[in-house]
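Inside the fold
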Amino acid sequence: MIDLGSNSWRLVVYTFVPETWWKRTDELYETVRIGEGMGTSGRLSDEAIARGLETLTVFDHFRIANGLTPFQVHVVATSAIRDAANGREFVRAAERATGLRIEILSAAEEARLGYVAAVNTSTLRDGAVLELGGGSMQLIEVADRRPRELCSVPLGAVRLTEELLPEPRPARKKELERVRARVRETLAKVDWLPRSGARLVGIGGAVRNLASAAQHSAGQEDVGVQGYQLTRERLAELVKQLASLDPAQRGAIPGIKPGRGDIVLAAALTIEGVLDSGGFDGIEATEAGLREGVFFERELLAGQPDPLFEDVRASAVRNLAIQYESDLEHVNHVAVLSLQMFDSLVETGLFEPATGERELLWAAAMLHDVGMTISYDDHHKHSRYLIVSAELPGFDPRERALIAQISRYHRKGAPKLGEMAALAQPGDEDLVARCAVILRLAEHLERGRDQSVRTVRLHGNGRGVDLHLEAAGDLTLPRWSVERYGDDEAFERVFGRRLLIG
């Protein structure tokens, strides 16, 4: 898939099985700035056209080298090429120079594909989606996961920079106010924005860069920006910092790509304006972009009436498990046993679960063995690494960190947050300890990978907790594994009662 944006162009390769699993396997990126100078002329400049043709020639050579036909490549052009007086002339020249076929997306189609990308990589049900590009910004109202209102406004970061922040120096107060006034005036016409809901999900490089800069400044462990909430307060701090620097210095801020240094301030001011106009507390970043919207709709989920995952979190977890060739029957059963023990412990009154804790335990159980693809030895540590490194759409950085730590301690050791502590909330260390001990027990009960334990229940019995098993096969191995390696000391330390095997 090739995305010809107003600022950057990107070729992305996906490997997938329709409606089953997918991953991004290669990528080429170039800051083409095809829309540079359009604000005054309304046309693509000769220099921009030359950069574009050169980049597309490289992309086409990549296609040929990888044995792909033109029909296997979706090439879409957005705001700059759509709006330029000579945009279609450029497309014809590009098609003659390469084997590619280029589709110029309408503003409505661009917005809708941005919605598809955002809703399939977040848990958004009601709220709004923001897609900020170089030439335009798309806003989509979402109700019950379906698009309601879609609009495209001329607030792209390149466009605003060239018109209102053109000087290569720190921004002056009156320049900032001009940008803010333009954003306010434009968004005043989007009458549905203030009533769209509490959540705003953002896609695009500007959102990702600003979220990454906020993470770096907070000193958090780098687990990616997927699901990161960039608050209104933190964005205001970033705007102040960016305005005090010249473009080259902005591009040197950790998290900001050098190629975005000159346009990132305009992007930050635009997002700030959306937060103010819509009454949002912040914007939730996703690693997805327009390219994922095209891929989801036209390839991965093409056979469905609506190109939507039924459950974004479950799909993300299963997708990662399949990629790393986990024994799916085994991990599914470990997850079942883990949740049976979790539920019975809650029913017994041994602990009050935190919000979302059950789902985090399920995810860790499904992913606890992904590290086996690296090596059996220390595979619990390898699993932690792979989970932290994965995007896991639908989960925020804290949740991914907790899933990784639970998986890390499914074999041995005293569960702790470690370097993930900076992402944690009060009570998270206890959460990790509880879930890791439960997962450890479930793994021992499924030690033979034969599903010989059908059901398991934990019931309070005086100062102990009885472990009751229902057999689907011989229980010699699971009983031995729990008695020998089940770490009843860890169970007593975490839950305050001895584990008694019935």
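Structural data are supplied above this passage.
One structure accompanies this document, and this report is about it. (Residues numbered from 1 in each chain as written. Predicted model: local features only at pLDDT ≥ 70, side-chain atom pairs only at ≥ 80, totals over all residues. Heavy atoms only, no water.)

**Section: the overall build of the chain**
Short version of the rule: Note on conventions: DSSP H or I runs of at least 4 residues are helices, E runs of at least 2 residues are strands, and numbering of each starts at the N terminus. Note that the radius of gyration is over C-alpha atoms, with the globule rule given as 2.2 Å times the number of residues to the power 0.38. Note on classification: 1.4 Å probe, protein chains only; a residue is buried when its accessible area is under 20% of the maximum for its type, exposed when over 50%, partly exposed between these limits. The criterion used for residue contact is that any of the two residues' heavy atoms lie within 4.5 Å. Accessibility throughout is a Shrake-Rupley quantity obtained with a 1.4 Å probe, and a residue counts as covered only by protein chains that appear here.
What the chain contains, in helices and strands, is 20 helices and 14 strands. Relative to the 2.2 N^0.38 estimate, which gives 23 Å for 502 residues, the radius of gyration of the chain is 25 Å and therefore close to what a compact globule would have. For the chain, the residues scored as buried account for 55% of the 502 residues in total. Long-range contacts, defined as pairs at least 24 residues apart, comprise 70% of the intrachain contacts of the chain with a sequence gap of at least 6. For the chain, the accessible surface area stands at approximately 21,000 Å², while carbon and sulfur atoms represent 48% of it.

**A closer look at the packing of aromatic side chains**
Note the threshold: The aromatic pairing rule takes the rings of Phe, Tyr and Trp, using the six-membered ring of Trp, and pairs them if the centres are within 6.5 Å, calling planes under 30 degrees apart stacked, those over 60 edge-to-face and the rest tilted. Cation placement over rings: the criterion is NZ of Lys or CZ of Arg within 6 Å of the ring centroid and within 35° of the ring normal.
Evaluation of the coordinates by the stated rule reveals 11 aromatic pairs. Arranged with centres 5.9 Å apart and planes meeting at 45°, the rings of phenylalanine 295 and phenylalanine 296 form a pair that is tilted. Among the residues examined, phenylalanine 295 registers a relative accessible area of 3% and is labelled buried. Both rings, one in phenylalanine 351 and one in phenylalanine 495, keep their centres 5.9 Å apart while their planes meet at 45°; by these two values the pair is tilted. Here the residue phenylalanine 351 occupies a position in the loop between helix 14 (328-348) and helix 15 (357-367), and phenylalanine 495 occupies one in helix 20 (residues 488-495), the gap between them amounting to 144 residues. Taking the relative accessible area as the measure of exposure, phenylalanine 495 reaches 8% and is therefore buried. The rings of Tyr14, Phe16, Trp22, Phe295, Phe296 and Phe309 are connected pair by pair, giving a single aromatic cluster. Above the face of the tyrosine 29 ring, lysine 257 is positioned so that its terminal group lies 4.5 Å from the ring centre. Positioned above the aromatic ring of tyrosine 376, the side-chain terminus of arginine 411 is 5.2 Å from the ring centre.

**Regarding the sheet that holds strand 13 (residues 464-471)**
What counts is decided by this rule: Criterion used throughout: strands pair if DSSP finds at least two bridges between them. To define axes, lines are fitted to C-alpha atoms, for helices over the stretch in contact only, and angles between the resulting N-to-C directions are given on a 0 to 180 degree scale.
The sheet built from 3 strands is open, its strands ordered 12-13-14 with mixed pairing. In this open sheet, the two edge strands, each paired with only one partner strand, are strand 12 (453-461) and strand 14 (498-501). Neighbouring strand axes in the sheet, compared pairwise and without regard to direction, differ in orientation by 25° on average. Pairing of strand 12 with strand 13 involves 8 bridges; the strand directions are antiparallel. For histidine 459, the partnering residue across the bridge sits in strand 13 and is aspartate 466.

**Concerning unusual backbone geometry**
One non-glycine residue, aspartate 144, lies in positive phi territory at about 55°. On the secondary structure map, aspartate 144 appears in the loop between strand 7 (137-143) and strand 8 (146-153). The phi torsion at arginine 449 lies on the positive side, around 55°, for a residue other than glycine. Position of arginine 449 among the secondary structure elements: in the loop between helix 18 (428-445) and strand 12. Judged by relative accessible area, arginine 449 falls into the partly exposed class, the value being 33%.

**Side note on the layout of surface pockets**
One simple way to see leftover space: roll a probe sized like a water molecule over the atoms. Here is the rule: Buried and open spaces are told apart on a 1 Å grid over the protein atoms alone, a cavity being a set of points where a 1.4 Å probe fits but cannot get out and a pocket being an open set with protein on both sides within 12 Å along at least five of seven lines. Residues with an atom within 4 Å of a point are the lining residues. Grid points are joined across faces, edges and corners, and a volume is the space filled by probe spheres set on the points. Classes in brief: Ala, Val, Leu, Ile, Met, Phe, Trp, Tyr, Cys and Pro nonpolar; Asp, Glu, Lys and Arg charged; the others, Gly included, polar.
Estimates place the volume of the largest pocket at around 720 Å³. In terms of lining, the largest pocket is formed by 31 residues, of which the most central are Trp22, Ala316, Asn319, Gln323 and Pro393. Mapped by element, the contributors of at least two residues to the lining of the largest pocket are strand 3 (21-31), helix 12 (290-300), helix 13 (312-323) and helix 16 (379-389). No other element matches helix 13, which puts 8 residues into the lining of the largest pocket. The class makeup of the residues in the lining of the largest pocket is 16 nonpolar, 7 polar and 8 charged.

**Let's talk about empty space enclosed by the protein**
Enumeration according to the criterion identifies 3 cavities of 30 Å³ or more in this entry. Considering only enclosed or pocket space, the largest cavity measures out at about 340 Å³ in volume. Counting residues per element, the lining of the largest cavity draws most heavily on helix 8 (residues 205-217), which supplies 3 residues. Looking at the lining of the largest cavity, its residues break down into 6 nonpolar, 14 polar and 7 charged. Its volume calculated, the second largest cavity comes out at about 70 Å³.

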